[in-house]
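The chain contents come next:
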Amino acid sequence: MTEFLVVFDVDSTLIEDEVIELLAEVAGKREEVAAVTERAMAGELDFAQSLIERVATLKGLPESVFADVQKRITITTGAKETISAIQSAGGKVGAVSGGFNQLLTPLAAELNLDFARANQLEVVSGFLTGRVLGEIIDRGAKATALQEWSAQSGLKRTVAVGDGANDLEMMAIADLGVAFNAKPIVREKADVVIEGNDLRKLLELLGI
């Protein structure tokens, strides 16, 4: 059987970038935001609190920033082929992100994802307010997404792929937790570590 539900983290996993840093660069706050991101992914900071702090630095950016940043995103080597192969084998693929719907929605369409979930940045009168709407996608919300998508798809064999502390809970409840491009804390706790930055190595693990 090669029918899996595979759920990927997005930033530094499905894509090579940290989207909030690309947005912050436009706001002239990249270094400030990158330092907070690094501490959050290493598990030193509460993710939700760190996200609120980082999003606050984006206040006042025009909504057009999303289209600008979308063009600068680099999809990880092998991502498209890996997603297509999983689906061809009867599986489904989801992406759950501590990033933002405004960037994940077009990416999900480009990658032909079955499921996608991320945070929603508040935009009022064409400008970012520096706030997140609704529930923040933290480690608990990522684990919940994996469980919900498994139930919806009827696929009980689950795989979670991620790089940061925010991915540990979904990796723990998945049948297989895979560290990719990962921080030390994630490499230590994952079931399997993929070396290098080519996602096609996941297919070998899954026997696809």
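These numbers were taken from a predicted model, which means no experiment stands behind them. (Residues numbered from 1 in each chain as written. Predicted model: local features only at pLDDT ≥ 70, side-chain atom pairs only at ≥ 80, totals over all residues. Heavy atoms only, no water.)

Before going further, it helps to examine the overall build of the chain. Along the chain, the regular secondary structure elements total 10 helices and seven strands. Taken over the C-alpha trace, the chain has a radius of gyration of 16 Å; the compact-globule value for 208 residues is 17 Å, and the two agree within 12%. Along the three orthogonal principal directions, the C-alpha set of the chain runs to about 50 × 30 × 30 Å. Within the chain, the proportion of its 208 residues that are buried is 51%. Sequence-distant contacts, at least 24 apart, represent 63% of the contacts inside the chain between residues at least 6 apart. In the structure as shown, the chain presents an accessible area of about 9000 Å², 47% of it carried by carbon and sulfur atoms. The centroid of the 20 positive side-chain charges in the chain is displaced by 1 Å from the centroid of its 32 negative side-chain charges. (Helix = DSSP H or I, 4+ residues; strand = E, 2+ residues; numbered from the N terminus. Rg over C-alpha atoms; globule rule 2.2 N^0.38 Å. Buried < 20%, exposed > 50% of the residue type's maximum accessible area, 1.4 Å probe, protein only. Contact = heavy atoms within 4.5 Å. Areas by Shrake-Rupley, 256 points an atom, 1.4 Å probe, with all protein chains shown as cover. Lys, Arg positive; Asp, Glu negative; His and termini not counted. Charge placed at Lys NZ, Arg CZ, Asp CG, Glu CD.)

Once that is clear, we can look at helix 3 (residues 47-56). Residues Phe47, Ala48, Ser50, Leu51, Arg54 and Val55 constitute the buried set of helix 3. The buried residues of helix 3 occupy an angular sector of 160° when the element is viewed end-on, so they sit on one face. Where helix 3 begins, one side-chain oxygen reaches toward the backbone nitrogen of Ala48, 3.4 Å away; that side chain belongs to Asp46. (Arc of directions from axis to C-beta. Polar contact = N/O pair within 3.5 Å; in protein donor to acceptor, adjacent residues only side chain to side chain.)

Attention shifts here to the sheet that holds strand 3 (residues 115-124). What the seven strands build is an open sheet, ordered 4-3-2-1-5-6-7; its pairing is mixed. Lying at the two open borders of the sheet, with one neighbouring strand each, are strand 4 (127-133) and strand 7 (192-194). Neighbouring strand axes in the sheet, compared pairwise and without regard to direction, differ in orientation by 25° on average. The pairing of strand 3 with strand 4 spans four bridges and is classified as antiparallel. Note that in strand 4 the partner of Val124 across the bridge is Phe127. Relative to the sheet, helix 6 (residues 101-111) contacts strand 2 (92-100) and strand 3, its axis offset from that of strand 3 by approximately 140°. (Pairing = 2+ DSSP bridges. Axes fitted to C-alpha atoms, helices over the stretch in contact; angles between N-to-C directions.)

Moving on: helix 7 (residues 139-153). Taking 1.5 Å of rise per residue, the 15 residues of helix 7 would be expected to cover 21 Å, and the 21 Å separating its terminal C-alpha atoms lies within 8% of that figure. Every buried residue of helix 7 is listed here: Ala141, Lys142, Ala143, Ala145, Leu146, Trp149 and Ser150. In the core, the buried residues of helix 7 are packed alongside strand 1 (5-8), strand 2, strand 3, strand 5 (158-162) and helix 8 (168-173). Its side-chain oxygen 3.2 Å from the backbone nitrogen of Gly140, Asp138 forms the N-cap of helix 7. (Expected span 1.5 Å × (residues − 1).)

On to the nonpolar core, then. In this structure, Val6, Phe8, Leu14, Leu23 and Leu202 are the most contacted members of the largest nonpolar core, which totals 50 residues. Excluding residues within four positions of it along the chain, Leu202 makes contact with Val6, Phe8, Thr82, Ile86, Val159, Val161, Val178 and Ile194. (Core = buried A, V, L, I, M, F, W, Y, C linked by side-chain atoms within 4.5 Å.)

Further remarks concern the packing of aromatic side chains. Applying the stated criterion to the full structure yields one aromatic pair. Considering the side-chain rings of Phe115 and Trp149, the 5.2 Å spacing of their centres and the 10° angle between planes classify their relative orientation as stacked. One end of the pair, Phe115, is in strand 3; the other, Trp149, is in helix 7, and 34 residues separate them in sequence. A residue is classified by how much of its surface remains accessible, and Phe115, at 14% relative accessible area, is buried. (Phe/Tyr/Trp six-rings, centres within 6.5 Å; stacked < 30°, edge-to-face > 60°.)

The next point concerns the pairing of strand 1. The alternating pattern of strand 1 places Leu5 and Val7 and Val6 and Phe8 on opposite faces, both of which are buried. Note: strand 1 against strand 2, four bridges, orientation parallel. Paired with Leu5 across the strands is Lys92, a residue of strand 2. Of the strand pairs in this sheet, strand 1 and strand 5 are connected by four bridges, and their pairing is parallel.

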